[in-house]
Amino acid sequence: MPSWKEQLPSIGSLGPFLALLIACGFFSFQSEQFLTGANFSLILQQVMVVGLIAIGQTLIILTAGIDLSCGMVMALGGVVMTKVAQDYGLHPVIAIGIGFAVTAGFGLINGLLVTRVKLPSFIVTLGTMNIAFALTQLYSQSQTITDLPAGMTLLGNTFSIGQTQIAYGTVVMLAMYALSWLWLRDTASGRHIYAVGNNPEATRLTGIPTHRVLLMVYVLAGLCYGIAALLSVSRTGVGDPNAGQTENLDAITAVVLGGTSLFGGRGIVLGSLIGALIVGVFRNGLTLMGVSSVYQILITGILVILAVATDQLSRKGGR
Amino acid sequence: MQQSRIHLAIATLATAIALPAFSAEPIIGLITKTETNPFFVKMKEGASAEAKAKGAKLLSAAGRTDGDNAGQVTAIENMIAAGAKTILITPSDSKAIVPSIKKAREKGVLVIALDSPTEPANATDALFATDNYKAGVLIGNYAKASMAGKPAKIATLDLFPGHPVGAQRHNGFLAGFGLKSLDAKSNELAKPAEVVCMADSFGDQAKGQTAMENCLQKNPDINLVYTINEPAAAGAFNALKKAGKEKGVLVVSVDGGCQGIKDVVGGKIAATSQQYPLRMAAMGVAAGVEYAKTGKKPAGYTDTGVTLIAAKPVTGVDSKDTKTGLDLCWGNK
């Protein structure tokens, strides 16, 4: 076991957190409505979908892979769970379960193609991204699914702590982050993911079944997209066939901003939450300031390059 | 034997070459922004019904996403290759598509823009579209009358920066409300003092909700919300409802899709300006067939109409009820 000192984040991995603090500090000076509990609860609600997709994406990026299909699989899950509930009058729990099965199934297909056929994840998920998009459009006939049973949108409801309204979906997201953080940090199967990302060949030689680890990662990621789909449905109150198009790259952005290395094996899942929050804080803060949304895109782009450059430079420094 | 085979080959070849020339069916191409938006689905329906009625052959294609210019360029090339005499196009990128349209017109193809103009507008032979500024003015008038002199604190949930349709609807709305605004040609968004929050919704429900939530943070007293379209309005209503403010706030919108009109019936949206994609497409196909038969080209801008749909009429503003709106709407009824 490493000592508690070794478990503390290094200065480098504090970078994203510092960026978030600086952004928050800046916006609190610019807008008096920014620094309120209600506003922070709101930002958390606004990032919960991307935040959950980013958990799955983090797992895959930790193995030195990437999942371009994440947003589209999420959209498919949302459409499937809402449409089966409506068409067959299924109990929401069963409908949601079917949605999860579909997204996890996509994860399984991605995983099998990566491990058995040995295709690069970029190519596999480029393909499944298109397939998931097309299936979403075909199944929904490109129509938004409305008038959902109340049980499907439960997680969009709020409870209050003092004056602040907090959405149940936010709690789900935070719990998922806590769970995945502990799992990655403290369990053997969690550590195996890092090992596979660092050096798959060496990992295989030590007797760890690398294929099984990868397969598990892709299926779990698919499951995360299913949960994200449920959060999206809860938040908007509809099954939206055009969802996922911006979330697709937003999730990768969040992971990269959070300091997880695109080269695999390095990163903390909590960083992805910070990354998602950075994007959410800019969107919220700039609206409060009355600045065009294009600036948010500009700033996000700059931050992404800074984050990857930092990772690259720190790797070189370590050698 | 050998000779008869050659004869047969020549005959077959001649028939193959001659067939398109003898075919009485003029070919008309329809290129929309996407295959999936209900607005364009309806447009395609209108075009194929009219083509069937007029004995024309309709080819259709689309970009993959809104803004996919390359996809539309490919579609134009393919349609010229397929022998289309008329191309109806909803430009995804009003400027970038112009060179491809120019090439098509140089080959004698009639090109009509549907729904949104190219820049410059005379890059196409004609434009059949909604008057988006007028659509904005109608809901502005309605909002003014509904507010009955109450001071307005307005949030506008716009499309995205630099989009002419977004600017026209926004500025039309403010002009209709009697505020200082810009004219129909402007691509800028006017921002008089009464507008306390402006945010981009990208015409999307989830982003509309986020935008409205942020606006309510900025100014909790907002009592009038203009939205670029009904998905954005539904998102805004969600945000208002979660903040417990859905009662005192007036939401107005533009588009007239079936889901949007249902939201007017359900009280989420007070009024919306309805446009008619089916009519745009039908008129475009009719003009294409006319051109194939007589060589006569349409020119300039044709207004395809816009109607104010409101659940509760207000005095002094002409509106139609939601039943009319549902009869004429596009999307799943």
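Residues numbered from 1 in each chain as written. Chains lettered and ligands numbered in written order. Predicted model: local features only at pLDDT ≥ 70, side-chain atom pairs only at ≥ 80, totals over all residues. Heavy atoms only, no water.

Colleague: Please clarify how helix 5 (residues 132–147) of chain B should be interpreted in this entry.
Modeller: Because an α-helix packs 3.6 residues into every turn, residues spaced three or four apart end up facing the same way. Residue and element names in this part refer to chain B. The terminal C-alpha atoms of helix 5 lie 23 Å apart, and with 16 residues this matches the ideal 22 Å at 1.5 Å per residue to within 8%. Those residues of helix 5 that fall on the buried side of the exposure criterion are N132, Y133, A135, G136, L138, I139, G140, Y142, A143 and M147. Residue D131 occupies the N-cap position of helix 5, its side-chain oxygen lying 3.2 Å from the main-chain nitrogen of Y133. The positive-phi residue at the C-terminal boundary of helix 5 is A148, with phi of around 45 degrees. (Helix = DSSP H or I, 4+ residues; strand = E, 2+ residues; numbered from the N terminus. Expected span 1.5 Å × (residues − 1). Buried < 20%, exposed > 50% of the residue type's maximum accessible area, 1.4 Å probe, protein only. Polar contact = N/O pair within 3.5 Å; in protein donor to acceptor, adjacent residues only side chain to side chain.)

Colleague: It is not clear to me how the nonpolar core should be interpreted in this structure. Could you clarify?
Modeller: Generally speaking, nonpolar side chains in soluble globular proteins are found buried as a group. Grouped together as the largest cluster of nonpolar side chains are 83 residues, with contacts concentrated most on L52(A), I53(A), M74(A), Y225(A) and V281(A). Residues within four places of Y225(A) in sequence aside, it is in contact with I53(A), G56(A), Q57(A), I60(A), D67(A), C70(A), V73(A), M74(A) and T103(A). Grouped together as the second largest cluster of nonpolar side chains are 30 residues, L138(B), L174(B), L179(B) and A232(B) included. (Core = buried A, V, L, I, M, F, W, Y, C linked by side-chain atoms within 4.5 Å. Contact = heavy atoms within 4.5 Å.)

Colleague: Looking at this model, I keep getting lost on the packing of aromatic side chains. Mind explaining?
Modeller: Ring pairs (aromatic) are described by centroid distance and by the angle formed between their planes. Counted according to the given criterion, the structure contains ten aromatic pairs over all chains. A centroid spacing of 4.8 Å and a plane angle of 85 degrees characterise the contact between F39(B) and W330(B), whose relative ring orientation is edge-to-face. Of the two residues, F39(B) is situated in helix 2 (residues 38–54) and W330(B) in the segment after helix 11 (322–328); the sequence distance between them amounts to 291 residues. Each of the two residues, F39(B) as well as W330(B), counts as buried. Counting every residue linked through ring pairs, the aromatic cluster contains F26(A), F27(A), F34(A), F40(A) and F282(A). It is K83(A) that lies over the ring of Y139(A); its NZ or CZ is 5.7 Å from the centre. Over the ring of W181(A) we find R185(A), and its NZ or CZ is 4.9 Å from the ring centre. (Phe/Tyr/Trp six-rings, centres within 6.5 Å; stacked < 30°, edge-to-face > 60°. Lys NZ or Arg CZ within 6 Å of the ring centre and 35° of its normal.)

Colleague: For this particular structure, what's the right way to read the UniProt feature "domain: Periplasmic binding protein" (unreviewed entry) in chain B?
Modeller: Following the UniProt record, the feature "domain: Periplasmic binding protein" (unreviewed entry) maps to residues 28–297 of chain B here. Helix makes up 45% of residues 28–297 of chain B and strand 19%. Its end C-alpha atoms lie 14 Å apart. (UniProt positions renumbered as here; feature names shortened; annotations may be inferred.)

Colleague: Which parts of the structure should I look at to understand the confidence of the model for chain B?
Modeller: Reading predicted coordinates in detail is not appropriate for stretches of low pLDDT. Residues and elements named next belong to chain B. Mean pLDDT over chain B stands at 90; residues scoring 70 or higher make up 93%. Element-level pLDDT for chain B is lowest in helix 1 (residues 2–22), with a mean of 50, against a maximum mean of 98 in strand 8 (residues 224–227). Here the prediction assigns the complex a pTM of 0.83, and the interface score ipTM is 0.78. (pLDDT = per-residue confidence, 0-100.)

Colleague: How should I be thinking about the interface of chain B and chain A in this particular structure?
Modeller: How big an interface is tends to be stated in terms of accessible area lost as the parts join. Of the residues lining the interface, 24 residues belong to chain B; the matching set on chain A comes to 32 residues. Run the count over chain B and chain A and you get one salt bridge. Between R235(A) and E213(B) there is a salt bridge, with its nearest N and O atoms 3.1 Å apart. Across the chain B-chain A interface, the total number found is twelve residue pairs in polar contact (both at pLDDT 80 or more). Looking at the side of chain B that touches chain A, the elements with two or more residues in it are strand 7 (195–200), helix 7 (205–218) and helix 8 (230–242) of chain B. A total of nine residues in the side of chain B that touches chain A trace back to one element, the largest contributor, which is helix 7 of chain B. For the side of chain B that touches chain A, the residue count by class is six nonpolar, eleven polar and seven charged. (Salt bridge = Lys/Arg side-chain N within 4 Å of Asp/Glu carboxyl O. Nonpolar A, V, L, I, M, F, W, Y, C, P; charged D, E, K, R; others polar.)

Colleague: Quick question: what am I supposed to make of the sheet that holds strand 9 (residues 250–255) of chain B here?
Modeller: All names here are of chain B. Spatially, 7-6-8-9-10-12 is the arrangement adopted by the six strands of the open sheet, whose pairing is mixed. Each edge of the open sheet carries a strand with a single partner, namely strand 7 and strand 12 (306–310). Strand-to-strand twist across the sheet, computed as the mean angle between neighbouring axes with direction ignored, equals 15 degrees. (Pairing = 2+ DSSP bridges. Axes fitted to C-alpha atoms, helices over the stretch in contact; angles between N-to-C directions.)

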